[in-house]
Amino acid sequence: MSAFTLVLLHGFMGRGDDWKALISHLPAGVQCIAPDLPGHGDAPLDPIGSNPPFGAYCEQVWTGLHAQLPERFALAGYSMGGRIAAWLAARHPERVTALVLEGAHPGLSSAADRQARLDNDETWARRLEQGPWPDVLDAWYRQPVFASLDDARRRAFIQARAPQDPQRLAHALRAASLGHQPSLIPGVAGLDIPRTFIAGAQDEKFTVLGERWARDCPGLELVKLDGLGHNCHAEAPETVARIIHRTCCGQQNVTKSIHSP
């Protein structure tokens, strides 16, 4: 399969343009759709209302996408975008031909953990709203999950995120909080399509979570990338492009594997 449509969903604070470098390494026959998620870039975020917030946010993503989608397409997402991709694939299994998750959390296991995450995300949302904006960005990229970033990479991320509207990002963070998210494992485990989870080997948290994905979703391939942290596609776009393309073409290894960029 050399020609297909691939939908790429970015992470929190990102934009669809985050995938440009990766897209440049995909074969010419792959048609890519990389939207801004609601509340990011130019994409509006409608009021969530009384529906469960995470599901309502994902439905807004779907509403913005489905008019431009073919009948069948592959789906990949990073971090928050990976959580959304997993949710959408489980709810539209007849449309999705392959699923690639990069650094995506499957869901918290206890009510106490979910509440703690909601509290933490609310703290960050208030920091986004109250600023000062450049300082908040710097603090965000100094969290443990981004420990592998050197100073130059951190400055590059901050520069790329600076044009975002922190007020809108705060609303998106509250809506799509991991604390609102149900477990994604059952839905992904039930999919009869090629599925891959990518984690940077330096990202210890998501390497462990990747092992959980692989254990609980038979047939899902776990790919650990040596020398990389949380945002693999930004650090090694050619390597991640190759893995995504291989998955979409059904050329997986069913056992766990380690790939170096």
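Residues numbered from 1 in each chain as written. Predicted model: local features only at pLDDT ≥ 70, side-chain atom pairs only at ≥ 80, totals over all residues. Heavy atoms only, no water.

For the rest of this paragraph, the subject is the packing of helix H4 (residues 111–130) against helix H5 (residues 133–140). Packed helices, taken two at a time, are described by the angle their axes make and the gap between the axes. Between H4 and H5, the shortest axis-to-axis distance is 8 Å and the interhelical angle comes to 150°. The orientation of H4 relative to H5 falls into the category roughly antiparallel. Taken together, the residues of H5 that come into contact with H4 (itself represented by Trp-124, Arg-127 and Leu-128) are Trp-133, Val-136, Ala-139 and Trp-140. (Axes fitted to C-alpha atoms, helices over the stretch in contact; angles between N-to-C directions. Helix = DSSP H or I, 4+ residues; strand = E, 2+ residues; numbered from the N terminus. Parallel < 35°, antiparallel > 145°, perpendicular 65-115°, else oblique. Contact = heavy atoms within 4.5 Å.)

Per the stated rule, a full pass over the model turns up 12 salt bridges. The residue Asp-216 makes a salt bridge to Arg-215 at a minimum N-O spacing of 3.2 Å. On the accessibility criterion, Asp-216 (29% relative accessible area) is partly exposed. In this structure Arg-215 comes out as exposed when scored by relative accessible area, which is 57%. (Salt bridge = Lys/Arg side-chain N within 4 Å of Asp/Glu carboxyl O. Buried < 20%, exposed > 50% of the residue type's maximum accessible area, 1.4 Å probe, protein only.)

Here we come to the packing of H5 against helix H6 (residues 151–161). Running from N to C, H5 and H6 point in directions that differ by 135°, and their axes come no closer than 10 Å. Relative to H6, the element H5 lies oblique. As for how H5 packs across H6, the hand of that crossing is right-handed. Within the contact between the two elements, H5 uses Trp-133, Leu-137 and Asp-138 and H6 uses Arg-154, Ile-158 and Arg-161. Of the residues belonging to the contact of H5 with H6, the class tally is 3 nonpolar, no polar and 3 charged. (Left-handed = near helix turned anticlockwise from the far one by under 90°. Nonpolar A, V, L, I, M, F, W, Y, C, P; charged D, E, K, R; others polar.)

A few words now on the side chain of Gln-181. Along the chain, Gln-181 falls in the loop between helix H7 (166–175) and helix H8 (185–189). Here Arg-83 takes part through its side chain, which lies 2.8 Å from a polar atom of the side chain of Gln-181. Here the side chain of Gln-181 touches Pro-106 through a polar contact of 3.3 Å, landing on its backbone oxygen. Among all residues touching Gln-181, those that are not within four sequence positions of it are Phe-54, Arg-83, His-105, Pro-106, Gly-107 and Arg-114. (Polar contact = N/O pair within 3.5 Å; in protein donor to acceptor, adjacent residues only side chain to side chain.)

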